[in-house]
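These are the residues of each chain, in order.
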Amino acid sequence: MTTAETKKCLVIGHPVTHSLSPAMHNAAYKALGIEDEFDYSTWDVQKGIEEIVEEIKAKGIKGCAFTMPYKKDIVSLLDWVDETAKEIGAVNTVVNDEGILRGYNTDWLGIVDSLERLSDLKGKKVAIIGAGGAARAAIYGVLERGAIITDIFNRTPEHTEKLAREFGLNCAIRGLDEIKEARSADIVINTTPI
């Protein structure tokens, strides 16, 4: 049961109503016996990022998980950003500490932890599909674990080339029409909503 003291948490993006995050978080709160302290829901929003930040502060939203299309744009509007999130250039987690917004990136850990359950990443050839915030986290994570990015597939070559430069990658930049070329990679990571 939510009360005036319940801390509101949101997953923010568009589209986001399909997200399983609220069900997972609320089940975890219940399992921990803190379901009366936190409530997690979606906010499917198509507003400017500045307006979203103002609403988070005004409504006292305790925590937010940002998804597309906001992961990169939110970075410059936060009061503090974790060093790893700065290196990635994207934030997926924001904590509101009494009006001070602090940003983190936990995507990269989720990606590499999942992959490392199946295989050591060191020396593996990796193809990335997409070039947004999640792609940035995937690239950062697999590079941290010693993998090699061989290809990035995306619909916008200029955007993809910029991403590759930012991470110092010497990889093939390919359109989505060349996706069959991903077969030569040891690991393919799809960071798109498809």
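Residues numbered from 1 in each chain as written. Predicted model: local features only at pLDDT ≥ 70, side-chain atom pairs only at ≥ 80, totals over all residues. Heavy atoms only, no water.

Caption draft 1: The state of the cysteines, seen in detail. Counted by the stated rule, this structure contains 0 disulfides. Left without a disulfide partner, Cys64 is nearest to the cysteine sulfur of Cys9, which lies 7.6 Å away. (Disulfide = S-S within 2.5 Å.)

Caption draft 2: Summary view of the sheet that holds strand β5 (residues 93-97). Strand order in the open sheet formed by 6 strands is β2-β1-β3-β5-β6-β4, with mixed pairing between adjacent strands. Of all the strands in the sheet, just β2 (38-44) and β4 (80-81) have a single pairing partner and so form its edges. Along the sheet face, helix α1 (residues 21-31) touches β1 (7-13) and β2 and points at about 175° away from the line of β2. In the packing of helix α2 (residues 49-59) onto the sheet, the strands contacted are β1, β2, β3 (63-66), β5 and β6 (100-104), and the crossing angle to β3 comes to about 155°. (Pairing = 2+ DSSP bridges. Helix = DSSP H or I, 4+ residues; strand = E, 2+ residues; numbered from the N terminus. Contact = heavy atoms within 4.5 Å. Axes fitted to C-alpha atoms, helices over the stretch in contact; angles between N-to-C directions.)

Caption draft 3: View of the pattern of salt bridges. If you walk through the whole model with that rule in mind, you get 13 salt bridges. Ionic pairing is found between Lys8 and Asp39, a salt bridge with its closest N-O pair at 2.8 Å. Here Asp39 lies in strand β2 and Lys8 lies in strand β1, a separation of 31 residues in the sequence. A salt bridge links Lys71 to Asp107, with the nearest nitrogen and oxygen atoms 2.5 Å apart. A residue pair is termed long-range when its members are at least 10 positions apart, and Lys71 in the loop between β3 and β4 and Asp107 in helix α4 (residues 107-116) qualify at 36 residues. As far as burial versus exposure is concerned, Lys71 and Asp107 are alike and both buried. Salt bridges linked by common partners bring Lys47, Glu51, Glu55 and Lys59 together as one network. (Salt bridge = Lys/Arg side-chain N within 4 Å of Asp/Glu carboxyl O. Buried < 20%, exposed > 50% of the residue type's maximum accessible area, 1.4 Å probe, protein only.)

Caption draft 4: Local environment of the packing of aromatic side chains. Evaluated as defined, the whole model comprises 3 aromatic pairs. The ring centre of Trp43 lies 5.7 Å from the NZ or CZ of Lys59, which sits over that ring. (Phe/Tyr/Trp six-rings, centres within 6.5 Å; stacked < 30°, edge-to-face > 60°. Lys NZ or Arg CZ within 6 Å of the ring centre and 35° of its normal.)

Caption draft 5: Local environment of the pairing of strand β10 (residues 187-190). Here β10 shows a clear split, with Ile187 and Ile189 buried on one side and none of Val188 and Asn190 buried on the other. Here 4 bridges tie strand β7 (residues 125-129) to β10, and the two strands are oriented parallel to one another. Bridge pairing in β10 places Ala127 opposite Val188.

Caption draft 6: Structural context of the packing of α4 against helix α5 (residues 133-144). It is at 8 Å that the axes of α4 and α5 come closest, and there the two elements cross at 55°. Looking at the two axes, α4 sits oblique to α5. The two elements α4 and α5 cross, and the hand of that crossing is right-handed. In this structure, α4 contributes Asp107, Trp108, Ile111, Val112 and Leu115 to the contact, and α5 contributes Ala134, Ala137, Ala138, Tyr140, Gly141, Val142 and Glu144. (Parallel < 35°, antiparallel > 145°, perpendicular 65-115°, else oblique. Left-handed = near helix turned anticlockwise from the far one by under 90°.)

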